Amino acid sequence: PAPKNSAKAKKMNRATARHIVPFIIWVGVLVIAHLMHLTPSSASETIKSLDIISDATLYLFSSAICAILFIILRPWRYYEPIKSKNILPAVGLGVFVFFLWVVFETAFINNLSPALADFYEKWCVMPFGEKRSIPEILPYSPATCGWPLTIAKLLGSAFVISIIEEFFWRGWLLRFIRTPDFLDIDIGEFHLPAFIGVALIFGFEHSEWAVGVITGLIWGIFFIKTRDVWSTAISHVTTNLLLGIYVIATGSWQFW
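Residues numbered from 1 in each chain as written. Predicted model: local features only at pLDDT ≥ 70, side-chain atom pairs only at ≥ 80, totals over all residues. Heavy atoms only, no water.

## Looking at the overall build of the protein
(1) Moving on: Looking only at helices and strands, one finds ten helices and zero strands in the protein.
(2) Moving on: Helices and strands in the protein line up, N terminus first, as α-α-α-α-α-α-α-α-α-α.
(3) Moving on: The C-alpha atoms of the protein give 20 Å as radius of gyration, which agrees with the globular expectation for 256 residues (18 Å, within 12%).
(4) Moving on: With the C-alpha coordinates aligned to their principal axes, the bounding extent of the protein is approximately 55 × 50 × 35 Å.
(5) Moving on: Every one of the 256 residues in the protein was classed for burial, and the buried ones make up 46%.
(6) Moving on: Pairs at least 24 residues apart make up 71% of the contacts formed inside the protein by residues separated by at least 6 positions.
(7) Moving on: By element, 69% of the accessible surface of the protein is carried by carbon and sulfur atoms, the whole surface being about 13,200 Å².
(8) Moving on: Measuring between centres, the 20 positive side-chain charges of the protein sit 12 Å from its 18 negative side-chain charges. (Helix = DSSP H or I, 4+ residues; strand = E, 2+ residues; numbered from the N terminus. Rg over C-alpha atoms; globule rule 2.2 N^0.38 Å. Buried < 20%, exposed > 50% of the residue type's maximum accessible area, 1.4 Å probe, protein only. Contact = heavy atoms within 4.5 Å. Areas by Shrake-Rupley, 256 points an atom, 1.4 Å probe, with all protein chains shown as cover. Lys, Arg positive; Asp, Glu negative; His and termini not counted. Charge placed at Lys NZ, Arg CZ, Asp CG, Glu CD.)

## Details of the environment of A33
(1) Moving on: Mapped onto the fold, A33 is located in helix α1 (residues 7-35).
(2) Moving on: According to the relative accessible area criterion, A33 is buried, its value standing at 18%.
(3) Moving on: Placed 151 residues apart in sequence, A33 and D184 show a C-alpha to C-alpha distance of 37 Å.

## Let's talk about helix α8 (residues 192-204)
For an α-helix the count is 3.6 residues per turn, leaving residues at separations of three or four pointing the same way.
(1) Moving on: Taking 1.5 Å per residue, 13 residues should reach 18 Å; α8 reaches 18 Å between its end C-alpha atoms and fits that length.
(2) Moving on: Within the span of α8, buried status applies to A194, F195, V198, A199, F202 and G203. Projection of α8 onto a plane perpendicular to its axis shows the buried side chains occupying an angular sector of 160 degrees, all on one side.
(3) Moving on: Contact partners of the buried residues in α8: α7 (147-176), α9 (209-226) and α10 (229-250). (Expected span 1.5 Å × (residues − 1). Arc of directions from axis to C-beta.)

## Structural notes on the nonpolar core
(1) Moving on: The biggest cluster of nonpolar side chains holds 54 residues, and the ones touching the most others in it are W101, V102, F168, W169, L243 and F255.
(2) Moving on: Looking at this core, the elements that each hand over two or more residues are α1, α2 (55-73), α3 (87-102), α7, α8, α9 and α10.
(3) Moving on: If sequence neighbours within four positions are ignored, F168 has contacts with H19, I20, F23 and L173. (Core = buried A, V, L, I, M, F, W, Y, C linked by side-chain atoms within 4.5 Å.)

## Here's the deal with the confidence of the model for the protein
In regions of low pLDDT, the predicted coordinates are not meant to be interpreted in detail.
(1) Moving on: Overall, the prediction assigns the protein a mean pLDDT of 91, with 94% of residues at 70 or greater.
(2) Moving on: Summarising per-element confidence for the protein, the mean pLDDT is lowest in α1 (92) and highest in α3 (98).
(3) Moving on: Within the model, pLDDT remains below 50 along residues 42-49, and this stretch shows nine contacts once partners closer than five positions in the same chain are excluded. (pLDDT = per-residue confidence, 0-100.)

## Some details on the pattern of salt bridges
(1) Moving on: Per the stated rule, a full pass over the model turns up eight salt bridges.
(2) Moving on: In this structure, the salt-bridge partner of K131 is D118, at a minimum N-O distance of 3.7 Å. In this pair, K131 sits in the loop between α5 (114-123) and α6 (142-145) while D118 sits in helix α5, placing the two residues 13 residues apart along the sequence.
(3) Moving on: Residue E189 pairs with R178 through a salt bridge whose shortest N-O separation is 2.7 Å. Remark: R178 occurs in the loop between α7 and α8 and E189 occurs in the loop between α7 and α8; sequence separation between them is eleven residues.
(4) Moving on: Each of E105, R132 and E208 takes part in a single network of salt bridges with overlapping partners. (Salt bridge = Lys/Arg side-chain N within 4 Å of Asp/Glu carboxyl O.)

## Remarks on α3
(1) Moving on: Compared with the 22 Å implied by 1.5 Å per residue over 16 residues, the 23 Å span of α3 between its first and last C-alpha is a close match.
(2) Moving on: Of the positions making up α3, those classed as buried are A90, L93, G94, V97, F98, L100, W101 and V102.

## Observations concerning the packing of aromatic side chains
(1) Moving on: Applying the stated criterion to the full structure yields 23 aromatic pairs.
(2) Moving on: Measuring from centroid to centroid gives 5.5 Å for F23 and W169, while their planes differ by 75 degrees, and the two rings are edge-to-face. Of this pair, F23 sits in helix α1 while W169 is found in helix α7, placing the two residues 146 residues apart along the sequence. Of the two residues examined, F23 and W169, each falls in the buried class.
(3) Moving on: On the numbers, 5.0 Å between centres and 85 degrees between planes, the contact of W26 with Y59 is edge-to-face. With W26 in helix α1 and Y59 in helix α2, this pair connects stretches of sequence that are 33 residues apart.
(4) Moving on: Following the ring pairs from residue to residue traces out a cluster consisting of F23, F168, W169, W172, F176, F202 and W219.
(5) Moving on: Stacked on the ring of W256, the Lys or Arg K153 has its end atom at 5.2 Å from the ring centre.
(6) Moving on: Looking at R170, its charged tip hangs above the ring of F202, at a distance of 4.7 Å from the centre. (Phe/Tyr/Trp six-rings, centres within 6.5 Å; stacked < 30°, edge-to-face > 60°. Lys NZ or Arg CZ within 6 Å of the ring centre and 35° of its normal.)

This is the structure we're talking about:
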């Protein structure tokens, strides 16, 4: 890596900040959302409920803040513009990942192979060993938060968070694992430990960890082959958009 406080080191630090700040803010919001639902327990009566803002409202604010930060920081300055030849393959890949994400929890798979559906829900979705069910509280349901906030959740997930994640996971971390001078590494260069590491971390960021890891591998390959972070982002946008529509249309709120 470049010597500390050198011009190159400062350049790399700025590039890193432009890639990771929106994502860090987003993760921070998730932590806040979790803390909001802490309730008094017999172990500590001093813990109080922090339900001062709804999950849906918090999601709206975080999506807006992260979108603004992304536009201000412009991490895309380090990449070539989107290549038009990659758009259709990106959309098609996004559709495939969407089906991969939901298929094992559909009635079709449950009827075709109950044992497979049961195994998937118990061991491929966290927490391990338990079958996932629809939550009692549906924070993003129109009946709970109203249609404007449900649509805000859909749009934020599809057009904000997915893009921020791609610039973080594939654009930055995939190379930063190897060296802080990540811009020196060609985005089309394959490095197995970094490739597997990012896919694993990406997968375990999600409750659906198994399909998450597979998705991380798929998008990692697509990014390296196309050398186009925007195409990978389009694929991610497609998946999240279809997933959100699916959740609303079928009531599969466990995915949100």
